[in-house]
Every structure is written in C-alpha cells, then in structure tokens.
Amino acid sequence: MSGEQQLSELEKDALQEIMNIGFGRAAADLSEIINMHVILSVPYIAVLKTDEVISFIHAEIPDTTDMSMITQFFSGRFNGGSFLVFPHGEGRKLLRIFENDMSQLEAEYASELLEKETLIEVGNIIIGACVGKIAEMLGDAVTYAPPSFYSQEQIHRTLESILHSPDSFAILFKTVFNFEHDNISGYLFLVSQHSIMPWMKQAIADFIGVYE
C-alpha cells in the first residue's frame, strides 16, 4: 500500500483509542445481558491488504476447525463489511457463558442453534458498538444490514468471495473478552475501499486535534 493508503502509528493509536471506547460500550451491553462483568480490550490493530486476511487467519489460528464468523455490512461515509472471527472452540465457550440458566439436556439438544444465535447476538453488539463508535467519533453515522453467521466450512469461501478486490483494505482488531471465569479471543476485521482513506485520515486528524 502507498503512504496515502496507510495509517501512521499516531493514526493507528488514535483509532485504537476510539475502538477501546467502542469496546467499552459493547462490554457494558454484554454485561447487562448476561449479568456478569465483562471487559473487552484491543491489544493491537493492523492494516492489511485484503489478500493478506486469509493468510493472517491461518498464521494466527493454526487449527481452523470449528471456527465461526459473524459478518455485517454497514454504509455511510465509513462503509464496508465487518467480520468477527472466533477461533476453534471460542464460540462454544461463549455459549457456555450464555446458557448458565439452562439444564445440561436442554443445552445439548439446542447447542448448535444456540451457538449460532448467541454469536449473532454477541457479534451484533460488538460490531454495532465498534463501527458505530468509529463513525460517531469521526463525525459520521452508519446504517447496518442484518448480521449473518458462518460456520467453519463456509468461512473461507465467504471471505474469498468478498476479499478479492485490489481496491480494498482491512483494519484488524484483535479482541479479548475478559469474563469473570473465562477469557475468549476473537478477531474483528473491518473491510473497506481505499477511496475512504483520505476521509478517514482527515477525520482522525480532526479527532486528534480536539485533544492537542
């Protein structure tokens, strides 16, 4: 990517701070739903070419069996697609937290459907809070398409069909969910066109300027 298509370290730091605020809002929403203290953090962010996303996933997640993914598209001046990927087994850990009030028999019977519905609900909260907070703090507003769930066998085919454009880039946010009794990791990718980068860089500069 050319310099105009990249984010500087200062811009990435500002974006990470914005995401931490967004994740704080998502954590509060999750805490209210499951009546359990939740902390969401963003250890790091990176900007990738879209053709690097799948190879990144393979490098970070050697065991790609039992992965799950939530996708949701959004539109505004900040527009594109969001992809929340849960590594092997992490989706089921979330399900166990959400199913505390169910009997073991009920949980086993409804496990697959519940996992899908749980991840859609969690993904909708996280994506909405994070994308919405980026848009809000950069002076924009977005609308959302309904979220979709993809199981392991569908993920690569779906990503390959969406990430083929050479005019696109992906912003990666590695996420860690800290629950009272468990930590769960995930990867949030926001994919958009390079054409939004001048607007994003200027909006980040305006955001930084408020605090200087």
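Residues numbered from 1 in each chain as written. Predicted model: local features only at pLDDT ≥ 70, side-chain atom pairs only at ≥ 80, totals over all residues. Heavy atoms only, no water.

## With respect to the environment of alanine 27
Point 1. Topologically, alanine 27 is positioned in helix α1 (residues 9–34).
Point 2. A relative accessible area of 4% places alanine 27 in the buried class.
Point 3. Taking the C-alpha atoms as reference, alanine 27 lies 5.4 Å from valine 38; in sequence the two are 11 residues apart.
Point 4. When residues no more than four places from it in sequence are discounted, the contact partners of alanine 27 are Val38, Ile39 and Leu40. (Helix = DSSP H or I, 4+ residues; strand = E, 2+ residues; numbered from the N terminus. Buried < 20%, exposed > 50% of the residue type's maximum accessible area, 1.4 Å probe, protein only. Contact = heavy atoms within 4.5 Å.)

## Points about the side chain of serine 68
Point 1. Considering the arrangement of structural elements, one finds serine 68 in strand β2 (residues 68–75).
Point 2. Excluding residues that lie within four positions of it along the chain, serine 68 makes contacts with Leu84, Val85, Phe86, Gly91, Glu115, Leu119, Phe149, Tyr150 and Ile155.

## So, the pattern of salt bridges
Point 1. If you walk through the whole model with that rule in mind, you get 4 salt bridges.
Point 2. Here glutamate 136 and lysine 133 are joined by a salt bridge, their closest N and O atoms 3.3 Å apart. Placement of the pair is glutamate 136 and lysine 133 together in helix α5 (residues 111–137), with a separation of 3 residues, close to one helical turn.
Point 3. Counted as one network, the salt bridges with shared partners bring together Arg25, Lys133 and Glu136. (Salt bridge = Lys/Arg side-chain N within 4 Å of Asp/Glu carboxyl O.)

## Some remarks on helix α6 (residues 152–162)
Point 1. Those residues of α6 that sit buried are Ile155, His156, Thr158 and Leu159. The buried side chains of α6 occupy one side of the element, clustering within an arc of 170° when seen end-on. The outward face of α6, more than 90 degrees from its buried face, is lined by the exposed residues Glu153 and Arg157.
Point 2. If you follow the buried residues of α6, they end up packed against α2 (53–60), β2, β3 (80–86) and β5 (148–151). (Arc of directions from axis to C-beta.)

## Digging into the packing of α2 against α6
Point 1. Contact pair α2 / α6: the axes reach a minimum separation of 10 Å and the direction vectors enclose 150°. When the interaxial angle is binned, α2 and α6 end up roughly antiparallel. Facing α2, whose interface residues are Ile54, Ile57 and His58, α6 presents His156, Leu159 and Glu160. (Axes fitted to C-alpha atoms, helices over the stretch in contact; angles between N-to-C directions. Parallel < 35°, antiparallel > 145°, perpendicular 65-115°, else oblique.)

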